[in-house]
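Chain by chain, the residues run as shown.
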Amino acid sequence: MAQTFQTYIFLDLESTGLAHDCPRITEICLVAVHLHSLQNPERDEAGDLLLPHVVDKVCLCVDPVIPLTSKAAHMTGLSNEKLSLNQKQSFSPELLGLLRDFLERQDQPICLVAHNGFSYDFPLLKTELQRVQGDFSGPLSCLDSCKVLRTIDPIPNSVRIWKGYYTLPEVYRRFFGKEPQRSHCAEGDVLTLLMIFLHKAQDFLRWVNIMSLSWAKIVPMYTP
Ligand code: DCM
Ligand code: MG
Ligand code: MG
Ligand code: MG
């Protein structure tokens, strides 16, 4: 299936915990970037990559209704108290509508991109959509950047097998030689992912047709 995605939507979720905790979303960020900006990246005077200017962005905090695990609270800096003191709303049919409208505004076809998306973000998002009796409509695909990196950035023989090799901050450090900004905040992680994608854009764009899955094939993380 040779299809040229016109828009890539980089996505990250923060949540109340890991898959076995049956987590709920606490924060969602989507940054939509047109293929044009991925193929023609902006650079500063030193030649270093810049984040594209022309993007559409949605960042929302969500009342998860259930408690965050202490690990998730520690990682993200979020808490049930902070979210409720700020009167954040739970994942609602209106939020589904907002996300659908955001997707519809983009040049089609779209590919969603998330780091560990196949095992975490896409199934969790599908569960939350199911909870409000909805889903995304129309053709939509998704790509796990971690899966692509295992092919385009294989662990050298000199490095002992180490499960941290493909974490978002570690890949960023390897490619850019500095720390990413604001890890485990949805927008921070999305922008880190976008820079990683830009750094290897030719490779990602070459592999996307083979490694992307239809959104319809994503199985919900659990039944709400
Ligand atoms: N998470 C967790 N414990 C971990 C790693 C992640 O509970 N050791 C959960 C909470 C995070 C969510 O996964 O909000 C997404 O992780 P990340 O910040 O890597 O996107
Ligand atoms: Mg993530
Ligand atoms: Mg078009
Ligand atoms: Mg994150």
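For the structure itself, consult the block above.
Scoring rules and cut-offs
- Residues numbered from 1 in each chain as written.
- Chains lettered and ligands numbered in written order.
- Predicted model: local features only at pLDDT ≥ 70, side-chain atom pairs only at ≥ 80, totals over all residues.
- Heavy atoms only, no water.
- Helix = DSSP H or I, 4+ residues; strand = E, 2+ residues; numbered from the N terminus.
- Buried < 20%, exposed > 50% of the residue type's maximum accessible area, 1.4 Å probe, protein only.
- Salt bridge = Lys/Arg side-chain N within 4 Å of Asp/Glu carboxyl O.
- Pairing = 2+ DSSP bridges.
- Contact = heavy atoms within 4.5 Å.
- Axes fitted to C-alpha atoms, helices over the stretch in contact; angles between N-to-C directions.
- Donors = N, O, S within 2.8 Å, 3.2 Å for Na, K, Ca; no water.
- Near = heavy atom within 4 Å.
- Polar contact = N/O pair within 3.5 Å; in protein donor to acceptor, adjacent residues only side chain to side chain.
- Areas by Shrake-Rupley, 256 points an atom, 1.4 Å probe, with all protein chains shown as cover.
- Nonpolar A, V, L, I, M, F, W, Y, C, P; charged D, E, K, R; others polar.
- Expected span 1.5 Å × (residues − 1).

Caption draft 1: Main features of the environment of Arg206. Tracing the backbone shows Arg206 in helix 9 (residues 201–211). The exposure class assigned to Arg206 is exposed, which follows from its relative accessible area of 54%. Put simply, Arg206 and Val148 are 58 residues apart on the chain and 10.0 Å apart in space, counted from C-alpha to C-alpha.

Caption draft 2: Geometry of the pattern of salt bridges. Using the criterion set out here, one finds eight salt bridges in the structure. For Glu187, the salt bridge identified is with Lys57, shortest N-O distance 3.0 Å. Residue Glu187 is found in helix 8 (residues 186–199), and its partner Lys57 is found in strand 3 (residues 55–61); the two are separated by 130 residues along the sequence. With a relative accessible area of 27%, Glu187 lands in the partly exposed category. On the accessibility criterion, Lys57 (42% relative accessible area) is partly exposed. The residue Arg206 makes a salt bridge to Asp203 at a minimum N-O spacing of 3.1 Å. Remark: Asp203 and Arg206 occur in helix 9; sequence separation between them is three residues, near one turn of the helix.

Caption draft 3: Representation of the sheet that holds strand 2 (residues 25–34). What the six strands build is an open sheet, ordered 3-2-1-4-5-6; its pairing is mixed. The outermost strands of the open sheet, each flanked by one partner alone, are strand 3 and strand 6 (213–214). Two elements, strand 1 (residues 7–15) and strand 2, share nine bridges in a ladder whose sense is antiparallel. Bridge pairing in strand 2 links Ser15 to Ile25. The strands touched by helix 4 (residues 93–104) within the sheet are strand 1, strand 2, strand 3 and strand 4 (110–114), with strand 3 carrying the most contacts at an inclination of about 170°.

Caption draft 4: Fine view of the coordination of the magnesium ion (ligand 4). Taken together, Asp12 (OD), Glu14 (OE) and Asp189 (OD) make up the full set of protein donors to the magnesium ion (ligand 4), lying 1.9 to 2.1 Å away. All donors to the magnesium ion (ligand 4) come from one chain, and their sequence spacing reads D-x1-E-x174-D. Here the magnesium ion (ligand 2) and the magnesium ion (ligand 4) are spaced 3.3 Å from one another, each receiving a donor from Asp12. Pair noted here: Asp12 is in strand 1 and Asp189 is in helix 8, with a separation of 177 residues, a long-range link. The two residues Asp12 and Asp189 agree in class, both being buried.

Caption draft 5: Focus on the site of ligand 1. Around ligand 1, the structure places 13 residues, and the nearest of them are Asp12, Glu14, Ser15, His184 and Asp189. Ser15 is positioned such that a nitrogen or oxygen atom in its backbone is 2.8 Å from an oxygen atom of ligand 1. Between Tyr120 and ligand 1, the recorded distance is 3.2 Å, taken from a side-chain N or O atom to an oxygen atom. Against a free-state accessible area of 440 Å², the protein chains account for coverage of 79% of ligand 1. Elements with a minimum of two residues in the shell around ligand 1: strand 1 and helix 2 (70–76). Of the residues assigned to the shell around ligand 1, the class counts are five nonpolar, four polar and four charged.

Caption draft 6: How the structure looks around helix 8. End to end, helix 8 covers 20 Å across 14 residues, agreeing with the expected 20 Å (1.5 Å per residue, within 8%). Most of helix 8 sits inside the fold, with 11 of its 14 residues counted as buried. Those residues of helix 8 lying buried are Ala186, Gly188, Asp189, Val190, Thr192, Leu193, Leu194, Met195, Ile196, Phe197 and Leu198.

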